[in-house]
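Below, each chain spelled out in residue letters.
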Amino acid sequence: MIKNGSIIAIQLAILWAVNQLGYVIVSWTGIPLPGNVVGIFILLLLLMTKILPLSFVEKGASILVKHLGFFFIPISVGLIAYGDLFLSHGIPLAIVIIVSVMVGIYVSGIVSQVLVEKKEKKKHEHSRNPA
Amino acid sequence: MSIVVTLLSIIGTVTAYLLSRKIANKKPSPFTTPVFLSTVLIILVMVMTGTSYGQYEQAKDIMTYLLGPATVALAVPIYKNRHLIVQYCVPAGTGLILGSIVTIFLSILIGGLFQLSEVLISSLAVKSATVPIAIEISHIINGDMSITAAFVIITGILGAMLGPWLLTKTNITNPVARGLAVGTISHGIGTAEIAREGELQGAVSGTAMAIAAIFTSIFVPLL
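Cut-off values and rules
- The numbering scheme is per chain: residues are counted from 1 as the chain's sequence reads.
- Written order decides the labels, with chains lettered from A and ligands numbered from 1.
- The predicted origin of the model limits local features to residues at a pLDDT of at least 70 and limits the giving and counting of side-chain atom pairs to 80 or more, whereas totals for whole chains, interfaces and linings rest on all residues.
- Note that water and hydrogens are dropped before the side-chain values are worked out from all heavy atoms of the structure.
- Numbered from the N terminus, helices here are DSSP runs of H or I no shorter than four residues, and strands are runs of E no shorter than two.
- Note that the radius of gyration is over C-alpha atoms, with the globule rule given as 2.2 Å times the number of residues to the power 0.38.
- Whether a residue is buried, partly exposed or exposed follows from its accessible area with a 1.4 Å probe, protein chains only, as a fraction of its type maximum: under 20%, in between, or over 50%, in that order.
- The contact criterion used throughout is that any non-hydrogen atoms of two residues lie within 4.5 Å.
- For every accessible area listed, the method is Shrake-Rupley and the probe measures 1.4 Å; residues are considered covered only by the protein chains on display.
- Boundaries of every domain are those given by an automatic assignment or by a domain database.
- Buried area: the accessible area, evaluated with a 1.4 Å probe, that two parts lose upon being put together, summed over both parts.
- A side-chain nitrogen of Lys or Arg and a carboxyl oxygen of Asp or Glu constitute a salt bridge if their distance falls within 4 Å.
- Distance and chemistry together define a polar contact, namely a pair of N or O atoms within 3.5 Å, with one atom able to donate a hydrogen and the other to accept it when in protein, and with adjacent residues in sequence counting only for side-chain atoms on both sides.
- In a helix, the anticipated span is given by 1.5 Å times the number of residues less one.
- Lines fitted to C-alpha atoms define the axes, with helix axes restricted to the stretch in contact, and inter-axis angles between N-to-C directions lie between 0 and 180 degrees.
- When an angle is under 35 degrees it counts as roughly parallel; over 145 it counts as roughly antiparallel; between 65 and 115 it counts as roughly perpendicular; any other value is oblique.
- By definition, any crossing whose near helix is turned counterclockwise from its far helix by less than a right angle is left-handed, and any crossing with a clockwise turn is right-handed.
- Only buried Ala, Val, Leu, Ile, Met, Phe, Trp, Tyr and Cys residues count toward a nonpolar core, and they belong to the same one when joined by side-chain atoms within 4.5 Å.
- Within this analysis, patches are made of residues with over 30% relative accessible area and no salt bridge. Like charges are joined at 9 Å or less; nonpolar side chains (Val, Leu, Ile, Met, Phe, Trp, Tyr) at 5 Å or less.

A. Structural detail: the overall build of chain B. Along chain B, the regular secondary structure elements total twelve helices and zero strands. Tracing chain B from N to C terminus, the helices and strands come up as α-α-α-α-α-α-α-α-α-α-α-α. A compact globule built from 223 residues should have a C-alpha radius of gyration of about 17 Å, and chain B, at 18 Å, falls within 12% of that. Projected onto its principal axes, the C-alpha positions of chain B cover 55 × 40 × 30 Å. By residue count, 58% of the 223 residues in chain B fall in the buried class. Counting only contacts in chain B whose residues sit at least 6 apart along the sequence, the fraction spanning at least 24 positions is 62%. Of the roughly 9300 Å² of accessible surface on chain B, 70% is carried by carbon and sulfur atoms.

B. Geometry of the domain arrangement of chain A. All names here are of chain A. Structurally, chain A comprises domain 1 (1-71) and domain 2 (72-131). In this structure, domain 1 and domain 2 have C-alpha centres spaced 26 Å apart. In this complex, domain 1 contributes four residues to the contact, which on the side of domain 2 involves four residues. Counting the surface lost from both domain 1 and domain 2, the interface buries some 320 Å², and carbon and sulfur atoms represent 59% of this. Of all residues in domain 1, the largest losses of buried area upon contact with domain 2 belong to G69, F70 and F71, amounting jointly to 85% of the total for that side. Summed over the shared surface of domain 1 and domain 2, the result is zero salt bridges.

C. Just the interface of chain B and chain A, in detail. Taken residue by residue, the interface counts 86 residues in chain B and 68 residues in chain A. Interface of chain B and chain A: buried area, both sides summed, is about 7300 Å²; carbon and sulfur atoms make up 83% of it. Of all residues in chain B, Y17, V72 and Y79 of chain B bury the most surface against chain A, accounting for 9% of the area lost on that side. Linking chain B with chain A are one salt bridge. Across the pair E58 of chain A and K80 of chain B runs a salt bridge, and its minimum N-O distance is 2.8 Å. Our count for the contact surface shared by chain B and chain A stands at 13 residue pairs in polar contact (both at pLDDT 80 or more).

D. Region of the structure containing helix α2 (residues 35-48) of chain A. Between its first and last C-alpha, α2 of chain A extends 20 Å over 14 residues, near the 20 Å set by a 1.5 Å rise per residue. Counting buried positions along α2 of chain A yields ten of 14 residues, so the element is predominantly enclosed. Residues of α2 of chain A that are buried: G35, N36, V37, V38, G39, I40, I42, L43, L44 and L47 of chain A. Packed against the buried residues of α2 of chain A are α1 (2-29) of chain A together with α4 (67-72), α5 (75-80), α9 (131-140) and α12 (199-219) of chain B. Following α2 of chain A by one or two positions, K50 of chain A adopts a phi angle in the positive range, close to 65°.

E. A look at unusual backbone geometry. All names here are of chain B. Here the phi dihedral of N142 falls at roughly 65°; this positive angle occurs in a residue that is not glycine. Looking at the secondary structure, you find N142 in the loop between α9 and α10 (145-169). N142 gets classed as exposed once you look at its relative accessible area, which sits at 58%. Of note, N171 is a non-glycine position whose phi angle comes to about 65°, a positive value. Within the secondary structure, N171 is located in the loop between α10 and α11 (175-194).

F. Quick look at the packing of α9 of chain B against α10 of chain B. Residue and element names in this part refer to chain B. Following both chains from N to C, one finds α9 and α10 inclined at 140°, their axes separated by 9 Å at the closest point. Relative to α10, the element α9 is oriented oblique. In the packing of α9 onto α10, the handedness of the crossing is right-handed. Contacts from V131, A134, I135, S138 and H139 of α9 reach α10 at M145, T148, A149, V152 and I153.

G. Geometry of the environment of P77 of chain B. You can see P77 of chain B is positioned in helix α5. Put simply, P77 of chain B and T155 of chain B are 78 residues apart on the chain and 24 Å apart in space, counted from C-alpha to C-alpha.

H. Spatial organisation of the nonpolar core. Of all hydrophobic cores here, the largest spans 100 residues; its most connected members are L15 and L43 of chain A together with F151 of chain B. Ranked by the residues each element gives to this core, the list is headed by α10 of chain B, at 13 residues. Per-domain counts for this core show at least three residues from each of domain 1 (1-71) and domain 2 (72-131) of chain A. The residues contacting L43 of chain A, other than those within four sequence positions of it, are L15, V18 and L52 of chain A together with V72, A75 and V76 of chain B.

I. Fine view of a nonpolar patch on the surface. Residues I91, I95, V99 and V103 of chain A together with F114 of chain B make up a contiguous nonpolar surface patch of about 390 Å² in total accessible area. Summarising the element assignment, V99 of chain A is placed in helix α5 (residues 83-126).

Structure, rendered in structure tokens:
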């Protein structure tokens, strides 16, 4: 139990360090990306080059990803400060956001599903072995 | 005194989150999406107890401290599913680009029909990108940074609430397509929700979120 806890703590520290590195790289190079997105690419690179074995971050990462939603709750509570804007422009804003979100999700989903299925059909014609 | 408020805010937020997760597992519906339900519960408690957002902010800073590392952690499911992601990069990439363009144009078009101000329309155009990138782009195209952040969050919550439901209703069942659609349009908040369906959905969504944000940052300033 204690051993497991300290392994997770060390893994969280590694993820924290990669995130910090992402922000340092952004401030040095001025690339127009947020530090945490750069952090994703750094960690991916470390894993692919096997510099960092998967087992060194896997447990900590799976806990964070499982509870990713939690971190957005305090940020969402911040919407409380925009009550006035939504009272004055609420209906048009709601329509713009709901329509563009739903149509966007539908288009992305249907286009990729149709293309994925087409690709799978083609593959099955060539061989019967699943990938 | 403020320490007590901060501590209570943290306990309250964690409780709301755990409770919402339980309800969401028992009764899955757009309205039980954990980020949405928890936010509503917390705002209700704040209004009832007369707590201002200023009093909650310190707790927010503490609780969001791990958001950066949690975003970085998405590299792990991406890595584990890298072969599938590379294999499907053409279908997924096409869906990502078309979906992003549609959502951007609809925001500008409908916003224009309602004669919203240019600042509001600029802020709406970038709302599918993850918060830090959306704020950057909004700054470049003369949007308002804090209004942009608010739109991005609402987009994320709506995408998390309505996305999985809409995809199921329209028979979009392929896990790659589901992850891609939700990640492209509703960034990290959507990713957190679709990752509850499965690791592949989460991995594709996390990848789509990063790439869609980069695409938006290149595309929108050109308009």
